[in-house]
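The primary structure of each chain is shown beneath.
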Amino acid sequence: MIIVMSPTATQHEIELVISRVTGAGLKVHLSEGKMRTIIGLIGEKKLMAQLPLEAMSGVEKAISVTAGYKLVSREFKNEDTIIDIGGVLVGGSQLTVMAGPCAVESREQLLESARIVKAAGAQFLRGGAYKPRTSPYSFQGLEEKGLEMLAEARAVTGLKIVTEVVDIESVAVVGAYADVLQIGARNMQNFQLLKAVGKSGMPVLLKRGIAATINEWLHAAEYVMSEGNYNVMFCERGIRTFEDYTRNTLDLSAVAALKNLSHLPVIVDPSHGTGLWKLVRPMARAAVAGGADGLMIEVHPNPAEALSDGSQSLTPENFRALMSEVRAIAPVVGRRME
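Below is a short write-up of the structure.

Rules behind the numbers
Residues numbered from 1 in each chain as written. Predicted model: local features only at pLDDT ≥ 70, side-chain atom pairs only at ≥ 80, totals over all residues. Heavy atoms only, no water. Axes fitted to C-alpha atoms, helices over the stretch in contact; angles between N-to-C directions. Helix = DSSP H or I, 4+ residues; strand = E, 2+ residues; numbered from the N terminus. Left-handed = near helix turned anticlockwise from the far one by under 90°. Contact = heavy atoms within 4.5 Å. Nonpolar A, V, L, I, M, F, W, Y, C, P; charged D, E, K, R; others polar. Phe/Tyr/Trp six-rings, centres within 6.5 Å; stacked < 30°, edge-to-face > 60°. Buried < 20%, exposed > 50% of the residue type's maximum accessible area, 1.4 Å probe, protein only. Core = buried A, V, L, I, M, F, W, Y, C linked by side-chain atoms within 4.5 Å.

### Section: the packing of helix H3 (residues 107–120) against helix H4 (residues 144–157)
- Where H3 contacts H4, the axes come no closer than 10 Å and their chain directions differ by 40°. The element H3 and its partner H4 pack so that their crossing is right-handed. Across the interface between the two elements, Arg107, Leu110, Leu111, Ala114, Arg115 and Lys118 from H3 touch Met149, Leu150, Glu152, Ala153, Val156 and Thr157 from H4.
- Its residues assigned to classes, the contact of H3 with H4 shows 7 nonpolar, 1 polar and 4 charged.

### Some remarks on the environment of Ile210
- Secondary-structure assignment places Ile210 in the loop between strand E11 (204–207) and helix H7 (214–225).
- Taking the C-alpha atoms as reference, Ile210 lies 9.8 Å from Asn187; in sequence the two are 23 residues apart.

### Comments concerning the packing of aromatic side chains
- Evaluation of the coordinates by the stated rule reveals 3 aromatic pairs.
- Each ring, one from Phe76 and one from Tyr230, has its centre 6.4 Å from the other, and the planes form 80°; the classification is edge-to-face. Residue Phe76 is located in the loop between strand E4 (59–63) and strand E5 (83–85), and its partner Tyr230 is located in the loop between H7 and strand E12 (232–236); the two are separated by 154 residues in the primary sequence.
- Tyr230 sits in the partly exposed class, given a relative accessible area of 25%.
- Ring centres 4.4 Å apart and planes at 20° place the aromatic pair Phe191 and Tyr223 in the stacked group. Of this pair, Phe191 sits in helix H6 (residues 191–200) while Tyr223 is found in helix H7, placing the two residues 32 residues apart along the sequence.

### Concerning the nonpolar core
- One finds Leu125, Val197, Leu206, Phe234, Ile297 and Phe319 to be the most contacted residues of the largest nonpolar core, which totals 76 residues.
- Sorting elements by how many residues they give to this core places H7 first, with 7 residues.
- With 14 residues, the next largest nonpolar core counts Ala9, Val21, Ile39 and Met56 among its residues.

Now the structure itself:
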C-alpha cells in the first residue's frame, strides 16, 4: 500500500503516520518528492486494512498497489530517480556513458582503455575482474588483482568504476574497490545476491536476464530496493530469441516500458545486445533516441587481441565516432552530455 501525504502535510504529521504504521508492525519506505511525500508500506494486508489511514491528519489518500513490485513502481514515486554516484549523476537530463573492456586483462590494457574512454567523454569505466563464462575453460578474470587495477585507473583518470559482483561472498570485496555493483544477466534472479547488494547500500546496475520478462526484471529490482537501497539502475542487454544472427535480441521497447512502469534510470548495452561491433553504434544511437538514460559500451585498444568479447568491442576510433553521434542526438531528446 502507498500513503500519499497532502502537499500541505507537516513534518510532524508525516512522523505521526510513520509511527502509527510501524507500531502496527509494518515496514516503511519513504519517498520525499518536490511536491509531496509518499509512504510505502510493506507487510500483511490485514494489518493495513485495520488502520484508519485516510482518517489520519495530513493523509490525502491510501492506495493499494496490485503489482508485486511496489518500491520500483511509478505509483510509489512518480518523479524520475536521479542517482548521485560521487558527483556523477545518472538519470534526469544527464546522459551517462559507461565504457571500457569486457575484461580486465592487464594493467597496461586497462589504463590505456581508461584514458581512451575518458578523453572521449565517458564518466564510468566498465571492466570485469570476475568473469562468469559459459565455458569453464574461458578466461575467468583476474579477480581481486583486477579490482586493484580498476581502482588505480580511477585514481589516474577520475572515472567511476562499474564492475560485476558474482556471488554473496564477493560483495564486500568488490564494494571496497568499485563505485557501482553490476549484477550480470546470469544472476538477475539470484535473490540472495540481490538482497546482499541491497544491504550494501551501494549503487547497483541490474542487467536483464537472458530470458527474463520485464515483469521479472522489475521484481528483481524490488528485491534490491526492499533492503532499503534505492540506488538501482536497469540495464537492457538483450534477450535470447529464435534469431541467431545477433548474439541476443536488443529489446529497445523495454526502455519505453520501464520508463512507463518505473522511476529508475535505464541503461542500454548494445555491445552484449548485438554481439557485433558493426551494430553497436546504430543501436546506441537508437537507444538514446528512445529515451535511455545512458549507454554501456565495450571498448578495447585492440579488439582483435581481446581475451573476451573482441567481436563486439569498439576500437578507440569507433568509440570516438559513437560519442560524437550521441552528442548530436542527445539535445534533440532533452538530454545533455558533460
